[in-house]
Amino acid sequence: MVEKTRKRGVRYVQKKKPKKPDSHWVRNTVWIIVAGFTFVLLSYIGYLDYNVREKFEGNRWAIPARVYASPVELYAGYGISAAKFEELLQRLHYRQDARLLSEGSYFRQGQSISLKTRNFAFWDQPQPASLIRLNFSGSTVAGIVDLAESKEVAIVRMDPVQIGSFYPTIKEDRILIKWQDAPDALVKGLLATEDRDFYDHFGISLKAIARAMWANFRAGGIVQGGSTITQQLVKNFYLTSERSLWRKINEVFMSLILEARFSKNAILEAYLNEVFLGQDGGSAVHGFALASEFYFGSNLKDLPLEQIASLVALVRGPSYYDPRRNPDRALQRRNLVLSEMAAEGYITDRQAEEAKAKPLNVVARTHRSANRYPAFLDLVKRQLKQEYREEDLTSEGLRIFTTLDTLAQDALEQSITTKLNQLEKRPKAKKLETAVVVTRRDSGEIVALAGGRQHTAAGFNRALDAVRPIGSLIKPVIYLTALEYPDKYTITTPISDTAIHIKGANGKVWAPRNYDHREHGNVGLHTALTHSYNLATVRIGMDVGIARTAKTLRNMGVTRPVDLFPSFLLGAAELTPMEVTQMYQTLAGDGFSTPIRGIRAVVAANGEHLQSYPFIVRQAVDPAATYIVNTILQEVMHKGTGRSAYSAFPGDYGLVGKTGTTNDSKDSWFAGYTGDYLSVVWVGRDDNKPVGLTGSSGALQVWISLMRQISTQPVNLIPPDNIQMAWVDPYSGLLANEACEGAREYPYIAGSAPVEYAACVDAPVNEFNTFFKSIFPQ
């Protein structure tokens with residue numbers, strides 16, 4: 001029994017299940033790999049999907065800010081010749097077309113210029129395109145005719161010159177358009193040559209690839225590509241220019257994602273704005289809208305068929321088919337585009353042949369984006385940075401309208417070049433530099449600015465940053481301060497121009513001298529300023545007080561701290577040309593301070609008005625005292641250090657100005673104004689070495705050369721109500737009449753004129769002259 005049991009147990013133990021195959025772990029490993037690969041692939045596709053949507057749905061492009069000059073406003077009597085106006089049109093990229101078929105075209109017939117202006121959205125109102133004819137007489141506009149309505153018009157505002165751009169790190173430029181605004185011929189041309197199946201495929205086209213391979217095989221070279229418009233967009237918009245299998249894989253996936261996520265028209269619109277079509281200096285030209293202006297000087301919607309085909313031809317190679325550098329290739333490729341459009345039925349054979357017979361008609365190469373006036377643009381950017389972030393200025397497509405007058409700026413640059421070359425012929429006048437600020441007298445708008453001798457070179461902006469002693473330019477401030485006390489100082493108050501010694505806090509004695517090293521005894525206050533006598537000026541300044549004079553300077557708009565030493569009275573204070581301009585702007589404004597400015601308005605890319613810079617004015621100093629100072633500064637120009645200006649101006653032009661020269665003739669200054677412009681000029685050296693030039697022999701000569709070109713209005717000083725005119729005997733300083741020999745009429749603040757009469761009034765000769773003039777008035 002035991003044996004049986006044992007045997008049964010053994011038999012039970014030895015019985016085994018069939019052994020399973022060992023292949024299950026291979027299958028599991030494969031499934032794990034497939035699952036892992038699928039997970040990684042889906043994750044990567046999700047990553048690509050996120051990137052595609054993030055960039056496509058957000059701000060797709062960093063659009064640089066465009067900076068515009070002040071628009072030229074034309075009217076009968078406006079001072080510009082037909083030749084100068086044609087130069088302006090060329091700068092605005094207008095093209096000659098006797099038919100005036102498109103905006104931005106013109107033609108000239110003798111002293112008449114007909115043109116079709118561009119539609120342009122200004123900061124204050126949109127201006128539609130118009131057909132006009134300008135008739136010129138000499139150097140002025142004789143009349144303006146609206147050709148559409150055959151009637152005279154009072155004024156025409158031209159579209160402004162773009163003077164520069166503020167770019168992001170990558171210098172790309174484009175003008176954005178909507179797909180529905182693209183010309184039909186442009187879309188058809190792209191479909192015919194780049195992607196015939198665009199509206200049928202899902203991002204990639206196997207048919208296009210096969211067709212391209214066959215065409216290239218037949219041609220024995222690459223004549224056709226297989227990439228769809230979607231793939232081209234992905235390549236340019238998302239990927240680098242690297243050629244690799246991995247980049248091609250990404251291109252395919254991203255094209256599929258883009259097609260799945262967005263409409264065909266949205267993709268086409270992005271392509272129209274993204275495609276690279278040329279190089280404008282250091283800036284890349286992207287999109288058909290900007291390329292239209294770059295190559296043809298016209299709005300995209302105005303281009304004829306042959307020029308649209310030329311733009312389409314550039315897609316295959318903007319450099320290879322550049323119509324300026326390679327016109328034969330460009331013409332051949334353009335004609336091929338026209339043939340493809342005809343083959344697809346988008347145009348007729350006749351239209352294609354007519355277009356092929358047309359020349360390329362590209363405009364002359366001009367750097368549209370070049371910052372022509374770097375010193376002025378530096379000023380604009382500094383002012384904008386007070387209110388806008390750097391990224392807003394370089395990526396949001398802002399349009400910045402400035403006060404720059406390109407005609408005045410060009411005249412300034414020409415004057416600087418000519419006059420500095422002449423001045424450097426003098427023995428010590430070598431390596432001269434300069435800075436000039438020009439404003440409108442009535443508004444403080446900066447119309448021209450030079451930061452140095454090299455107009456196109458960015459760098460040290462002397463107009464804004466060169467802090468130099470201003471010399472005698474400070475003197476009108478001292479006399480203005482004194483004249484605000486009419487009980488003590490008037491225009492004829494006798495001042496002692498004799499030696500003066502001032503002991504400083506350190507015990508040292510300061511003994512100033514006149515420029516001619518002479519003393520002139522007692523002189524009238526107006527004579528002391530007219531001839532820039534140092535000794536008389538110091539006496540007045542010490543009497544009214546250095547601190548009081550510095551306060552007047554602050555009231556005139558100069559915020560820079562100054563050292564209150566006696567030498568301040570002779571111009572030891574150091575200011576920039578811009579600060580000097582602000583000071584003299586108050587004098588030119590008859591005692592009212594107007595902040596000088598370079599910007600009129602800032603407009604967003606969507607047309608929203610973001611910022612205006614309105615005309616602001618405040619009374620800074622006594623207008624009556626200012627009027628008297630300006631009267632004396634007119635005497636400076638007739639009898640004093642500024643008299644050489646009248647070699648270029650009529651004697652009754654009423655120029656107002658003051659020269660300035662610092663110790664050892666290191667700085668040459670002039671500040672002065674006409675009826676329409678104020679200009680401040682500095683000439684010197686960056687290393688502060690003497691230049692051997694006074695204010696009258698250096699800076700004034702640049703001022704004369706400039707102002708004779710741009711100024712058309714003489715100065716007409718209008719006395720305030722509390723100014724009284726009185727005839728004064730120059731010998732005694734007492735009241736006289738016009739019959740007294742040498743008597744002059746001077747302005748006085750009411751109640752401050754002399755009350756006693758000079759002996760000449762009762763003299764027999766005077767009485768006879770008075771009687772004679774009463775019978776025979778002049």
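Residues numbered from 1 in each chain as written. Predicted model: local features only at pLDDT ≥ 70, side-chain atom pairs only at ≥ 80, totals over all residues. Heavy atoms only, no water.

### Regarding the environment of A76
Let me state the cut-off plainly: For the purposes of this entry, the term helix denotes a DSSP run of H or I that reaches at least four residues, the term strand denotes a run of E that reaches at least two, and both are numbered from the N terminus. We call two residues contacting when some pair of their heavy atoms lies within 4.5 Å.
Its place among the elements puts A76 in the loop between β2 (73-75) and α3 (82-91). For the pair formed by A76 and E251, sequence separation is 175 residues and the distance between their alpha carbons is 60 Å. Once residues lying within four places of it in the same chain are set aside, the contact partners of A76 are V141, A142, G143 and A154.

### Some points on the state of the cysteines
Counted only if it meets this: To count as a disulfide, a pair of cysteine sulfur atoms needs to be within 2.5 Å.
On inspection of all chains with the given rule, the structure shows one disulfide. With a sulfur-sulfur separation of 2.1 Å, C740 is cross-linked through a disulfide to C760. Residues C740 and C760 share a disulfide whose torsion about the S-S bond is about 95°; that sign makes it right-handed. Residue C740 is found in the loop between β32 (723-728) and β33 (744-749), and its partner C760 is found in the loop between β33 and α24 (764-775); the two are separated by 20 residues along the sequence.

### Quick look at the sheet that holds strand β8 (residues 131-137)
Our working rule: Pairs of strands are assigned from DSSP output, requiring at least two bridges between the strands.
Overall, mixed pairing links the six strands, which are arranged β3-β4-β5-β8-β9-β10 in an open sheet. A strand with exactly one partner marks an edge of an open sheet, and here the two such strands are β3 (95-96) and β10 (151-152). Sheet topology places β8 next to strand β9 (residues 140-146); six bridges connect them, and they run antiparallel. The residue of β9 that forms the bridge with N135 is G143.

### What about the nonpolar core?
Rules: Side-chain atoms within 4.5 Å are what join buried Ala, Val, Leu, Ile, Met, Phe, Trp, Tyr and Cys residues into a set we call a nonpolar core. Accessibility here uses a 1.4 Å probe with only protein chains present; expressed as a share of the type maximum, an area under 20% marks a residue as buried, one over 50% as exposed, and anything in between as partly exposed.
In this structure, L74, F85, L115, L384 and L449 are the most contacted members of the largest nonpolar core, which totals 113 residues. Per-element accounting of this core gives the leading share, eight residues, to helix α22 (residues 623-639). Dropping the residues within four chain positions of it, F85 is found in contact with L74, I80, I113, L115, L134, F136 and M158. One finds W61, L239, M254 and A313 within the second-largest nonpolar core, a separate group that totals 57 residues.

### Some points on empty space enclosed by the protein
Convention followed: Throughout, the protein atoms alone are placed on a 1 Å grid, and a set of points is a cavity if a 1.4 Å probe fits but cannot get out or a pocket if it is open with protein on both sides within 12 Å along at least five of seven lines; lining residues have an atom within 4 Å of a point. Grid points are joined across faces, edges and corners, and a volume is the space filled by probe spheres set on the points. For this scheme, ten residues count as nonpolar: Ala, Val, Leu, Ile, Met, Phe, Trp, Tyr, Cys and Pro. Four count as charged, namely Asp, Glu, Lys and Arg, and the remainder, Gly too, count as polar.
Across all of its chains, the model carries two cavities of 30 Å³ or more by this definition. Counted as a void, the largest cavity has a volume near 50 Å³. Lining the largest cavity, in full, are A69, S70, P71, V72, L88, L92, M158, D159, P160, V161 and T406. What the second largest cavity holds in volume is close to 30 Å³. If you trace the second largest cavity, you find it lined by L483, P486, Y489, T490, I491, I628, P747, Y748, I749 and S752. Counting residues per element, the lining of the second largest cavity draws most heavily on β33, which supplies three residues. Looking at the lining of the second largest cavity residue by residue, the classes come out as eight nonpolar, two polar and no charged.

### With respect to α22
Selection criterion: A helix is expected to span 1.5 Å multiplied by its residue count minus one. Counted as a polar contact is a pair of N or O atoms within 3.5 Å, where, for protein atoms, one must be capable of donating a hydrogen and the other of accepting one, and residues adjacent in sequence contribute only when both atoms are in side chains.
For α22, with 17 residues, the first-to-last C-alpha span of 24 Å sits near the 24 Å given by 1.5 Å per residue. Summarising burial for α22: 15 of the 17 residues are buried, a large majority. Looking at where α22 begins, the residue whose side-chain oxygen comes 3.2 Å from the main-chain nitrogen of A624 is D622.

### Details of the environment of R118
Along the chain, R118 falls in the loop between β5 (112-116) and β6 (120-121). As for R118 and T537, which are separated by 419 residues in sequence, their C-alpha atoms are 57 Å apart. A polar side-chain atom of R118 sits 3.0 Å from a polar atom in the side chain of D159. At 3.2 Å, the side chain of R118 forms a polar contact with the backbone oxygen of G297.

### So, unusual backbone geometry
If you check the backbone angles, N361 has positive phi at about 60° while not being a glycine. You can see N361 is positioned in the loop between α12 (349-356) and α13 (374-384). Residue classification places N361 among the partly exposed positions, given a relative accessible area of 47%. A positive phi angle, close to 55°, is found at S532, a residue other than glycine.

### Concerning the packing of aromatic side chains
Going by this rule: Each pair of aromatic rings taken from Phe, Tyr and Trp, with Trp reduced to its six-membered ring, is defined by centres within 6.5 Å and is described as stacked if the planes are under 30 degrees apart, edge-to-face if over 60, and tilted in the remaining cases.
All chains considered together, the criterion is met by 14 aromatic pairs. Residues Y68 and F120 carry aromatic rings whose centres are separated by 5.6 Å and whose planes lie at 80° to one another, so their mutual orientation is edge-to-face. With a gap of 52 residues between them, Y68 in strand β1 (residues 65-68) and F120 in strand β6 connect regions that are remote in the sequence. Both residues of the pair, Y68 and F120, belong to the buried class.

### Let's talk about helix α10 (residues 305-314)
Among the ten residues of α10, ten are classified as buried, and the element is accordingly described as predominantly covered. Inspection of α10 places L305, E306, Q307, I308, A309, S310, L311, V312, A313 and L314 among the buried residues, and these make up the whole buried set. In this structure, the buried residues of α10 make contact with α4 (184-193), β14 (276-280), α9 (288-296), α11 (327-343) and α12.

### Describing the packing of α4 against α10
How we decide: Axis lines are fitted to C-alpha atoms, over the contacting stretch for helices. Their N-to-C directions set the angle, which ranges from 0 to 180 degrees. An angle below 35 degrees is read as roughly parallel, one above 145 as roughly antiparallel, one from 65 to 115 as roughly perpendicular, and any other as oblique. Left-handed describes a crossing in which the near helix is turned anticlockwise from the far one by less than a right angle; the clockwise case is right-handed.
Contact pair α4 / α10: the axes reach a minimum separation of 9 Å and the direction vectors enclose 45°. Relative to α10, the element α4 is oriented oblique. Two packed elements cross with a definite hand, and for α4 against α10 that hand is right-handed. Across the interface between the two elements, A185, L186, G189, L190 and T193 from α4 touch L305, I308 and V312 from α10.

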